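These are the residues of each chain, in order.
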Amino acid sequence: MKWITREKVKVDRVACPWLIKRFIDPEAKFVFVPAAEVVAHAAELDATPFDIEGCELGHHDEDVSFDSILKKYNLKDPALLLLAEIVRAADSRPSKPHPAGEGLRWVAHGFSALGFTDDQILERESIVYDALYAYCRQVINKRKPNSAR
């Protein structure tokens with residue numbers, strides 16, 4: 001599958017490719033273009049647009065694109081849902097932001113400040129999302145009642 005979004009990636013436009021490659025399509029390819037060109041290039045390339053205004057896999061109410069992808073692909077892993085809270089808090093201003101969101105926002109803007117290309121940011125920052133997901137899994141597992149007791 002091909003996916004297309006706006007260039008100059010930060011929070012949601014890094015989280016979504018991570019989610020797609022890890023849970024939907026490991027062979028996914030991503031294209032980054034100026035915002036005004038996304039729709040035209042999506043049609044040319046037969047690519048799915050995400051994180052642009054007005055698209056299905058974009059922001060809706062308080063949900064960010066990460067949430068929209070979770071819903072479309074019926075991903076209900078509790079650790080991914082917790083990670084979505086963090087991404088949402090980092091990328092937008094939800095009414096009840098997760099406290100880890102601010103740290104993720106700083107990390108995302110820090111990667112951007114290093115001057116990497118969008119592809120380089122995806123490659124390097126994916127380890128951050130791997131780590132966040134691993135910790136979210138630990139948190140969720142600690143919340144589950146111990147059935148052995």
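Structure: above.
The paragraphs below set out a description of the structure included in this document. Every chain begins its residue count from 1, and numbering advances along the sequence as written. Only residues with pLDDT of at least 70 get local features here, since the model is predicted, and only at 80 or more are side-chain atom pairs given and counted; chain-wide, interface and lining totals rely on the full set of residues. No hydrogens and no water enter the side-chain calculation; it runs on all heavy atoms of the structure.

1. Some details on the pairing of strand β1 (residues 2-6)
Right, so step 1: A pair of strands is labelled paired if DSSP reports no fewer than 2 bridges between them. Per the convention used, a helix needs a DSSP run of H or I reaching at least four residues, while a strand needs a run of E reaching at least two, with both numbered from the N terminus. Bridge analysis of β1 against strand β2 (residues 29-33) gives five bridges, and the strand direction is parallel. In the strand pairing of β2, Arg6 is matched with Val33.
Right, so step 2: If you view a crossover with the strands going away from you and the path from the first strand over the helix to the second runs clockwise, you call it right-handed. For the crossover that starts at β1, traverses helix α1 (residues 11-23) and ends in the parallel β2, the hand is right-handed.
Right, so step 3: Across two bridges, the pairing between β1 and strand β3 (residues 48-49) is parallel. In the strand pairing of β3, Trp3 is matched with Thr48.

2. Here we look at the side chain of Glu125
Right, so step 1: Position of Glu125 relative to the elements: it lies in helix α6 (residues 118-143).
Right, so step 2: Accessibility here uses a 1.4 Å probe with only protein chains present; expressed as a share of the type maximum, an area under 20% marks a residue as buried, one over 50% as exposed, and anything in between as partly exposed. Counted as positive: Lys and Arg. Counted as negative: Asp and Glu, with His and the chain ends omitted from the count. Basic side-chain nitrogens of Lys or Arg form a salt bridge, by our definition, when they fall within 4 Å of a carboxyl oxygen of Asp or Glu. Although buried, Glu125 forms no salt bridge, and the nearest oppositely charged side chain, Lys10, lies 9.8 Å from it.
Right, so step 3: The contact rule is simple, with two residues in contact once any of their heavy atoms fall within 4.5 Å. When sequence neighbours within four positions are dropped, the list of residues in contact with Glu125 reads Val14, Leu104, Val107, Ala108 and Phe111.

3. Here we look at unusual backbone geometry
Right, so step 1: The backbone of Asp46 shows a phi angle near 50 degrees, a positive value even though the residue is not glycine.
Right, so step 2: Secondary-structure assignment places Asp46 in the loop between α2 (38-45) and β3.
Right, so step 3: Non-glycine residue Asp61 carries a positive phi angle of around 55 degrees.
Right, so step 4: A relative accessible area of 84% places Asp61 in the exposed class.

4. Structural notes on the sheet that holds β3
Right, so step 1: Here we have three strands laid out as an open sheet, ordered β2-β1-β3, and parallel in their pairing. Each edge of the sheet is formed by a strand with only one pairing partner; in this case those strands are β2 and β3.
Right, so step 2: Helix axes are fitted to C-alpha atoms over the stretch in contact, other axes to C-alpha atoms as well, and angles between N-to-C directions run from 0 to 180 degrees. Along the sheet, α2 makes contact with β1, β2 and β3, crossing β1 at roughly 170 degrees.

5. With respect to the packing of aromatic side chains
Right, so step 1: Pairing of aromatic rings covers Phe, Tyr and Trp, the last through its six-membered ring, and needs centres within 6.5 Å; plane angles under 30 degrees mean stacked, over 60 mean edge-to-face, and all others mean tilted. Following the criterion strictly, the structure yields seven aromatic pairs and no others.
Right, so step 2: Between the aromatic rings of Trp3 and Tyr73, the centroid separation amounts to 6.3 Å while the plane-to-plane angle is 55 degrees, which identifies the pairing as tilted. Residue Trp3 is found in strand β1, and its partner Tyr73 is found in the loop between α3 (65-72) and α4 (78-91); the two are separated by 70 residues along the sequence.
Right, so step 3: By relative accessible area, which is 26% here, Tyr73 ends up partly exposed.
Right, so step 4: Between Arg124 and the ring centre of Phe116, over which it is positioned, the NZ or CZ distance is 4.2 Å. We call a charge positioned over a ring when the NZ of a Lys or the CZ of an Arg lies within 6 Å of the ring centre and within 35 degrees of the ring normal.

6. Quick notes on the environment of Ser92
Right, so step 1: Mapped onto the fold, Ser92 is located in the loop between α4 and α5 (101-113).
Right, so step 2: According to the relative accessible area criterion, Ser92 is buried, its value standing at 18%.
Right, so step 3: Spatially, the C-alpha atoms of Ser92 and Lys71 are 18 Å apart, while their sequence positions differ by 21 residues.
Right, so step 4: Beyond its immediate chain neighbours, meaning those up to four positions away, Ser92 contacts Glu62, Val64 and Arg105.

7. Some points on the side chain of Asp51
Right, so step 1: With respect to the helices and strands, Asp51 occurs in the loop between β3 and α3.
Right, so step 2: The class of Asp51 is buried, set by a relative accessible area of 3%.
Right, so step 3: Here a polar contact means two N or O atoms within 3.5 Å. Within protein one must be a hydrogen donor candidate and the other an acceptor candidate, and residues neighboring in sequence count only if both atoms are side-chain atoms. For Asp51, the side chain forms a polar contact with the side chain of Arg13, separated by 3.1 Å.
Right, so step 4: Within polar-contact distance, the side chain of Asp51 engages the side chain of His59 at 3.1 Å.
Right, so step 5: If we skip the residues at most four places from it in the chain, Asp51 touches Thr5, Arg6, Asp12, Arg13, Leu57, Gly58, His59 and Ser65.

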